[in-house]
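The lines below spell out each chain.
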Amino acid sequence: MAVEKMSIAKALNESLRLALDNDPKVLIMGEDVGKLGGVFRITDGLQKDFGEDRVIDTPLAESGIVGTAIGLALRGYRPVVEIQFDGFVFPAYDQIVTQLAKMHARALGKVKLPVVVRIPYGGGIGAVEHHSESPEALFAHVAGLKVVSPSNASDAYWMMQQAVQSDDPVIFFEPKRRYWDKGEVDTESIPGPLHQAVTAREGGDLTLVAYGPMVKVCLEAAAAAQEEGKSIEVLDLRSMSPIDFDAVQASAEKTGRVVVVHEAPVFYGSGAEIAARITERCFYHLEAPVLRVGGYHVPYPPARLEDEYLPGLDRVLDAVDRSLAF
């Protein structure tokens, strides 16, 4: 067993390096991914080691980046494209939802598009407008796309491998404010299937369901609640499409109470789908309504207001108290 301690950023870099090394058809494309190594240095050193034909600096044209990746995938390549910041993805949204997501069905299964679209997402870094969005629900709503997000270094390493190997397009959301969080990575043992939820903490009184950047907040909330005698389970979804509803159901039936937490606005967010499904599946097991904690239905605010906008420890614990009060 080879266990290394590394940051999420380092885990992604090592995973992409392994993908490039294992398969000559894997390409990396994006703005500043080559010589600079990406604005977050996720692709640092890869162009130097694999060349400009494998790690390609592109023009500032997201639609062109994704469109080119689609063409390369049709020719047998496995492109991994980087959208530099979450808010920059929308010029490519048309290509993603009308071409990338639909080509497999349009071709009656004869055409596969193994494209990974990497998107650093979420707030917490004090960035300017269009640099802190959480648009995952927009992509999860689109049939034909897989949508995932790791919360720790081990998942970052292995989920990227699994995404690159997938014959279906994967939107890979990377929680940018967690890039430098460190954890142990077993580089020889795959933790589980790409879309399988994982219990990050066992508990018996209530389940917190989260993914990506909010898993850490939920673990902190569970630890704080334990000091008051409350036993909180934390379920890391890891995947927003498909969602491992069986795992959510099992935890909901175990605890009887569920709070869904995500950075994205609560309004029409992924928490709404989870709440509806669990209400349908677990109605007679629930001791309280499924509650949701998330961002507000407003444009992402300037850095000085970020702490008020982002769901933090207090808002999660408030939802826990409201649920347990039923």
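In the annotation of an unreviewed UniProt entry, the entry for the chain reads Branched-chain alpha keto acid dehydrogenase E1 beta subunit, and the organism field reads Streptomyces griseus subsp. griseus. Recorded in UniProt for the chain, the comment headed Cofactor (unreviewed entry) runs: "thiamine diphosphate".

Caption draft 1: The overall build of the chain, seen in detail. On a plain count of helices and strands, the chain comes out with 12 helices and 14 strands. At 19 Å, the chain has a C-alpha radius of gyration in line with the 20 Å of a compact globule built from 326 residues. If you line up the chain on its principal axes, its C-alpha atoms span 60 × 45 × 40 Å. Nonlocal contacts in the chain, meaning residues at least 24 apart in sequence, comprise 81% of its contacts between residues at least 6 apart. Just so you have it, the chain exposes about 14100 Å², and 52% of that area is on carbon and sulfur atoms. If the 32 positive side-chain charges of the chain are averaged to one point and the 46 negative ones to another, these points end up 4 Å apart.

Caption draft 2: View of the pairing of strand β14 (residues 291–295). Across the five residues of β14, four count as buried, placing the element largely inside the fold. Bridge count between strand β13 (residues 258–265) and β14: four bridges; the pairing is parallel. Residue Pro 265 lies in a different strand from β14, and its bridge partner there is Gly 295. Handedness of the crossover joining β13 and β14 through helix α10 (residues 270–282) is recorded here as right-handed.

Caption draft 3: Layout of the sheet that holds strand β12 (residues 239–241). Here we have seven strands laid out as an open sheet, ordered β3-β2-β4-β5-β7-β6-β12, and mixed in their pairing. Single-partner strands in this sheet number two, and they are β3 (55–57) and β12. Geometrically, the sheet is characterised by an average inter-axis angle of 20° between neighbouring strands, direction not taken into account. Pairing between strand β2 (residues 26–30) and strand β4 (residues 78–82): five bridges, direction parallel. Bridge assignment links Val 26 to a residue of β4, and that residue is Arg 78. Sheet strands in contact with helix α1 (residues 8–22) are β2, β3, β4, β5 (116–121) and β7 (170–175), and its direction is about 130° off that of β2. Its contacts with the sheet put helix α7 (residues 153–165) on β2, β4, β5, β6 (146–148) and β7, and the angle it makes with β7 is roughly 160°.

Caption draft 4: Spatial organisation of the sheet that holds strand β9 (residues 198–201). Reading across from one edge, β9-β11-β10-β13-β14 is the order of the five strands in this open sheet, with mixed pairing throughout. With partners counted over all chains shown, the strands left at the sheet margins are β9 and β14, one partner each. Direction aside, neighbouring strands of the sheet carry axes that sit 25° apart on average. Sheet topology note: the strand β10 (residues 206–210)/β13 ladder contains three bridges and is parallel. Among the inter-strand pairings, Val 209 is bridged to a residue of β13, identified as Val 260. Packed onto the sheet, α10 meets β10, β13 and β14 and runs at close to 160° relative to β13. Lying over the sheet, helix α12 (residues 313–324) contacts β10, β11 (232–236), β13 and β14, oriented at roughly 165° with respect to β14.

Caption draft 5: View of the UniProt feature "domain: Transketolase-like pyrimidine-binding" (unreviewed entry) in the chain. Those places that UniProt annotates as "domain: Transketolase-like pyrimidine-binding" (unreviewed entry) correspond, in this numbering, to residues 6–181. For residues 6–181, the helix share is 36%, the strand share is 17%, and the end-to-end C-alpha distance is 8 Å.

Thresholds, definitions, all that
Once a new chain begins, its residue numbering starts again from 1 and follows that chain's sequence as written. With pLDDT at 70 or above as the cut-off, local features in this predicted model cover only qualifying residues; side-chain atom pairs require 80 or more to be listed or tallied, and sums for whole chains, interfaces and linings still use all residues. In computing side-chain values, all of the structure's heavy atoms are included and hydrogens and water are not. UniProt positions are given in the numbering used here, feature names are shortened, and annotations may be inferred rather than shown by experiment. Only DSSP runs of H or I covering at least 4 residues are called helices, and only runs of E covering at least 2 are called strands; the numbering of each starts at the N terminus. Note that the radius of gyration is over C-alpha atoms, with the globule rule given as 2.2 Å times the number of residues to the power 0.38. Contacts: residue pairs with any heavy atoms within 4.5 Å of one another. For the accessible areas, the method is Shrake-Rupley and the probe is 1.4 Å, while residue cover comes only from the protein chains on display. Under the convention used here, Asp and Glu are negative, Lys and Arg are positive, and both His and the chain ends fall outside the count. The atom standing in for a charge is NZ when the residue is Lys, CZ when it is Arg, CG when it is Asp and CD when it is Glu. When a residue's accessible area, from a 1.4 Å probe over protein chains only, is under 20% of the maximum for its type it is buried; when over 50% it is exposed; and in between it is partly exposed. Two strands pair under a simple rule: DSSP has to find at least two bridges between them. Note on handedness: a crossover is taken as right-handed if, strands pointing away from the viewer, the path from the first strand over the helix to the second is clockwise. What counts as an axis is a line fitted to C-alpha atoms, over the stretch in contact for a helix, and the angles between N-to-C directions run from 0 to 180 degrees.

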